[in-house]
Amino acid sequence: MLTQTTTRVLDPGDLDAALAVLDREPVANAFVTSRVQVAGLDPWRLGGEMWGWYEDGMLTSLCYAGANLVPICATPRAVRAFADRARRAGRRCSSIVGPAEATSLLWRLLEPSWGPAREVRPHQPLMVADRLPAGLTPDPYVRRIRKDEMETIMPACVAMFTEEVGVSPLAGDGGLLYQARVAELVGSGRSFARVDGDGRVVFKAEIGAATPRACQIQGVWVAPEYRGRGFAAPGMAAVLRYALADVAPLVSLYVNDFNTPARATYRRVGFQETGAFMSVLF
């Protein structure tokens, strides 16, 4: 019998209740929802635990605890309970990321024991599009990357990750996990790029998280020598067209608030700000 409020690790029998919580915010929760829809709630398959917060016997909030710590539909009371559990377990994640309000409270509670962070990005606009923009032609040369083109796309992916996160994805295990993730996106047809005549990537982006209701574009990158030459907006429009046609009716992304050129590009492609994320990087 559950007490009036409690938190516990969910198991496969809680799947329907967890999906109901995730479905309350399909755009913000796309990353975790996509994982749960594929792997369920078994920690080994999910790549982490799913913590649940109950009020009056009802599951109301979640927190994914894997490579990332992600509060989901988390009320302040739930965040405090999740912080207590995370503090007792010790830090095992490489980042805390999620809706800005809940993530900010979670970090304030964890910082005394988990800090300092390598970097805190307190405001990352969450942007959404549901149609192609008028007056902008998608780049006809942006296409899906084939499985036999891993050697072509991988250097661009490493460059993007290193530039965005500040550390190389090849550190630690030599990049095996990162390469596997890139291969997964290529294999599922969710890696896109424009490649020049010499086989170099000009523009690239991926559709990362994907559910029937929403998907998330990630890893947007233009090669340094091609920046400022008008490749980003048509390239994004091309990826948006693929996403709307083949994946989901809502397409989202989140971007650092200090990245003024990227935010302007996304607005030009029709993305509108609907909320904000926050990231704490270790």
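Coordinates for the structure precede this section.
The structure presented is a predicted model; accordingly, all values stated were derived computationally and were not measured.

A. Inspection of the pairing of strand 11 (residues 251-254) at higher detail. Sheet topology places strand 6 (residues 119-129) next to strand 11; four bridges connect them, and they run antiparallel. The partner of Leu126 across the bridge, within strand 11, is Tyr254. The parallel pair strand 10 (residues 215-222) and strand 11 is bridged by helix 8 (residues 232-246), and the resulting crossover is right-handed.

B. View of unusual backbone geometry. A cis amide bond links Gly115 to the next residue, Pro116, at an omega of -5 degrees. Take Pro116: it is sitting in the loop between helix 5 (100-114) and strand 6. For Asp56, which is not a glycine, the phi torsion comes out positive at approximately 55 degrees. Topologically, Asp56 is positioned in the loop between strand 2 (49-55) and strand 3 (58-65). In the Ramachandran plot, Cys73 falls in the positive-phi region, its phi being about 50 degrees despite a non-glycine side chain. Accessibility expressed as a relative area gives 10% for Cys73, which makes it buried.

C. Inspection of the packing of aromatic side chains at higher detail. A full pass over the atoms with the stated rule returns nine aromatic pairs. Taken together, a centroid distance of 5.7 Å and an interplanar angle of 65 degrees make the contact between Trp107 and Phe282 edge-to-face. Of this pair, Trp107 sits in helix 5 while Phe282 sits in the segment after strand 12 (272-281); the two residues are 175 residues apart in sequence, bridging distant segments of the chain. Both residues of the pair, Trp107 and Phe282, belong to the buried class. An aromatic cluster is present here, built from Trp107, Trp114 and Phe282 joined pairwise through their rings. Taking the ring centre of Trp51 as reference, the NZ or CZ of Arg85 above it sits at 5.8 Å. Lying over the aromatic face of Phe282, Arg91 brings its terminal NZ or CZ to 4.3 Å of the ring centre.

Quick notes on the rules
Residues numbered from 1 in each chain as written. Predicted model: local features only at pLDDT ≥ 70, side-chain atom pairs only at ≥ 80, totals over all residues. Heavy atoms only, no water. Pairing = 2+ DSSP bridges. Helix = DSSP H or I, 4+ residues; strand = E, 2+ residues; numbered from the N terminus. Right-handed = clockwise from strand over helix to strand, strands pointing away. Buried < 20%, exposed > 50% of the residue type's maximum accessible area, 1.4 Å probe, protein only. Phe/Tyr/Trp six-rings, centres within 6.5 Å; stacked < 30°, edge-to-face > 60°. Lys NZ or Arg CZ within 6 Å of the ring centre and 35° of its normal.

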